[in-house]
Amino acid sequence: MIFLSSRSGFQHPVSSEITPEAVYLQRRALIRQAAMGSAGLALAAWGVRDARAQMARPGQLPPLASVPTKLPGGVVMDKLTPYKDATTYNNFYEFGTDKADPAKRAHTLKTDPWSVEIEGLVKKPGRVDLEDLLKWGAMEERIYRLRCVEGWSMVIPWIGYSLADLIRRVEPLPGAKYVEFVTLADPKTMPGVRGGVVDWPYLEGLRMDEAMHPLTMLAFGMYGEVMPKQNGAPLRLVVPWKYGFKSGKSLVKIRFTEKQPVISWEKSAPQEYGFYSNVNPLVDHPRWSQATERRIGEDGLLAKKRKTLMFNGYETQVGQMYAGMDLKKFF
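Here the structure is a predicted model, which means the values were calculated and not measured. Numbering of residues begins from 1 in every chain and follows the order in which that chain's sequence is written. Only residues with pLDDT of at least 70 get local features here, since the model is predicted, and only at 80 or more are side-chain atom pairs given and counted; chain-wide, interface and lining totals rely on the full set of residues. With hydrogens and water set aside, each side-chain value is computed from the structure's full complement of heavy atoms.

**Student:** Just give me the short version of the nonpolar core, but keep the residues and values in it.
**Tutor:** Here, nonpolar core refers to any group of buried Ala, Val, Leu, Ile, Met, Phe, Trp, Tyr and Cys residues whose side-chain atoms link them within 4.5 Å. Classification of residues uses two cut-offs on accessible area relative to the type maximum, computed with a 1.4 Å probe and protein chains only: under 20% is buried, over 50% is exposed, and between them is partly exposed. Core analysis: the biggest nonpolar cluster contains 87 residues, and Ile118, Leu133, Trp158, Leu166, Phe220, Trp241 and Phe256 have the highest contact counts within it. Tallying contributions element by element places strand E5 (residues 152-162) first for this core, with 7 residues. The contact rule is simple, with two residues in contact once any of their heavy atoms fall within 4.5 Å. Not counting the four nearest positions on each side in its chain, Phe220 is found in contact with Leu64, Leu130, Leu133, Leu134, Met139, Ile159, Gly160, Tyr161, Val226, Met227, Pro234 and Leu235. Going along the chain from the N terminus, every DSSP run of H or I of four or more residues is numbered as a helix, and every run of E of two or more is numbered as a strand.

Structure representation (structure tokens):
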């Protein structure tokens, strides 16, 4: 039993990584400093902290308006990954298997017009244009960790809203237990689709409670701008406590099902990639350890690897969904 029962309790290896606690402690410090007559300096420091989510835009793509999130766990205090690194080191096999391929080739992707088909066990199925999807929730900027199953990580400011906003709007039927996500597979604009890396189109899925969790996000932008094509334009999923491949890109279908969907990597290599794929330093990939990670942008010759956090540091927010599960079996 790898995990986490009511007897063993959850583990919080680095409590300072939990955003709500850090915010709480800083506010307490602000009150103390105000009492000592240094409120001006403290307020300035707090303003700088809040401004991290409203950084200067890269100026590469059109801006996408948003407000800083107030969601618990929605902002981590880690140093942001440079925009250049986040947009040139990508896994998007529809454009090739090399990390540089998406940035080189994704310009062929046509994102206008774009629509998403809502299918399956819902009261309100149908095709929804991107322009309407942009209005289905209040645009927030959230700073999430992104942990790849390959052992590297980033910290990215995403723009979007909780997937739960969309789910409530389409009204799932009682039999809907899972949500499946389908990525575009267009051999004319996506050269990787002409190969056989996986059985295209790329499929991902979540259990309904995972999909409804407020941290699960439909993202339309990053770094204050619309989503770059190599990062999954015009909209993608972001599930910060799971390995990055769970966050499907360039979505064209969202399907509600009774049975657990078979996701693409689970179909291609079931011994290596499971349906849940929660970030877990205690459960290694068959070919490498998951105990540590390399933070992109901090990967010089002398840079030390970071310890990987349970659920990528979001254990406080999401751990209760998996209480009692054997996460080595349900990997």
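**Student:** Go over the layout of surface pockets with me, naming the residues and quoting the values.
**Tutor:** In this model, the largest pocket occupies a volume close to 540 Å³. If you trace the largest pocket, you find 30 residues lining it, with Asn91, Phe92, Phe245, Lys249 and Trp265 closest to the centre. Looking at the lining of the largest pocket element by element, the count peaks at 4 residues for E5. Just so you know the grouping, Ala, Val, Leu, Ile, Met, Phe, Trp, Tyr, Cys and Pro go in nonpolar, Asp, Glu, Lys and Arg go in charged, and all remaining residues, Gly too, go in polar. Among the residues making up the lining of the largest pocket, the classes are represented as 18 nonpolar, 8 polar and 4 charged. Here a cavity denotes grid points, spaced 1 Å and computed from the protein atoms alone, that fit a 1.4 Å probe unable to get out, and a pocket denotes an open set having protein on both sides within 12 Å along at least 5 of 7 lines; residues with an atom within 4 Å of a point are the lining. Grid points are joined across faces, edges and corners, and a volume is the space filled by probe spheres set on the points.

**Student:** Account for the sheet that holds strand E2 (residues 115-120), with residues named and values stated.
**Tutor:** Note on pairing: two strands pair once DSSP finds at least 2 bridges between them. If you trace the 5 strands from one edge of the open sheet to the other, you get E3-E2-E11-E6-E7, paired in mixed fashion. One side of each edge strand has no neighbouring strand; the edge strands of this open sheet are strand E3 (126-129) and strand E7 (203-207). Sheet twist, expressed as the average angle between the axes of neighbouring strands with direction ignored, equals 20°. Looking at chain direction, strand E6 (residues 178-183) and E7 are connected through 5 bridges and run antiparallel. Bridge assignment links Val179 to a residue of E7, and that residue is Leu206. Interaxial angle, 0 to 180 degrees, is taken between N-to-C directions of lines fitted to C-alpha atoms, where a helix line uses only the stretch in contact.

**Student:** Lay out empty space enclosed by the protein in plain terms, naming residues and giving numbers.
**Tutor:** Rolled over the atoms, a probe with the dimensions of a water molecule shows which regions are left empty. A full pass over the atoms with the stated rule returns 3 cavities of 30 Å³ or more. Taken as a whole, the second largest cavity spans an internal volume of roughly 40 Å³. Considering the residues around the second largest cavity, the lining is formed by Tyr144, Arg145, Leu146, Arg147, Trp158, Val238, Val239, Pro240, Lys242, Ser247 and Asn312. In terms of residue count, strand E4 (residues 140-147) provides more of the lining of the second largest cavity than any other element does, 4 residues in total. Of the residues that constitute the lining of the second largest cavity, the class distribution is 6 nonpolar, 2 polar and 3 charged.

**Student:** Give a detailed account of the pattern of salt bridges, specifying residues and quantitative values.
**Tutor:** A pair is scored as a salt bridge if a Lys or Arg side-chain nitrogen falls within 4 Å of a carboxyl oxygen belonging to Asp or Glu. Applying the stated rule across the entire model yields 21 salt bridges. Across the salt bridge formed by Glu225 and Arg57, the nearest N and O atoms sit 2.8 Å from each other. Pair noted here: Glu225 is in strand E9 (residues 225-226) and Arg57 is in the loop between helix H2 (39-51) and strand E1 (67-68), with a separation of 168 residues, a long-range link. Arg142 is the salt-bridge partner of Glu140, the closest N and O atoms lying 3.0 Å from each other. Side by side, Glu140 and Arg142 carry an identical accessibility label, which is buried.

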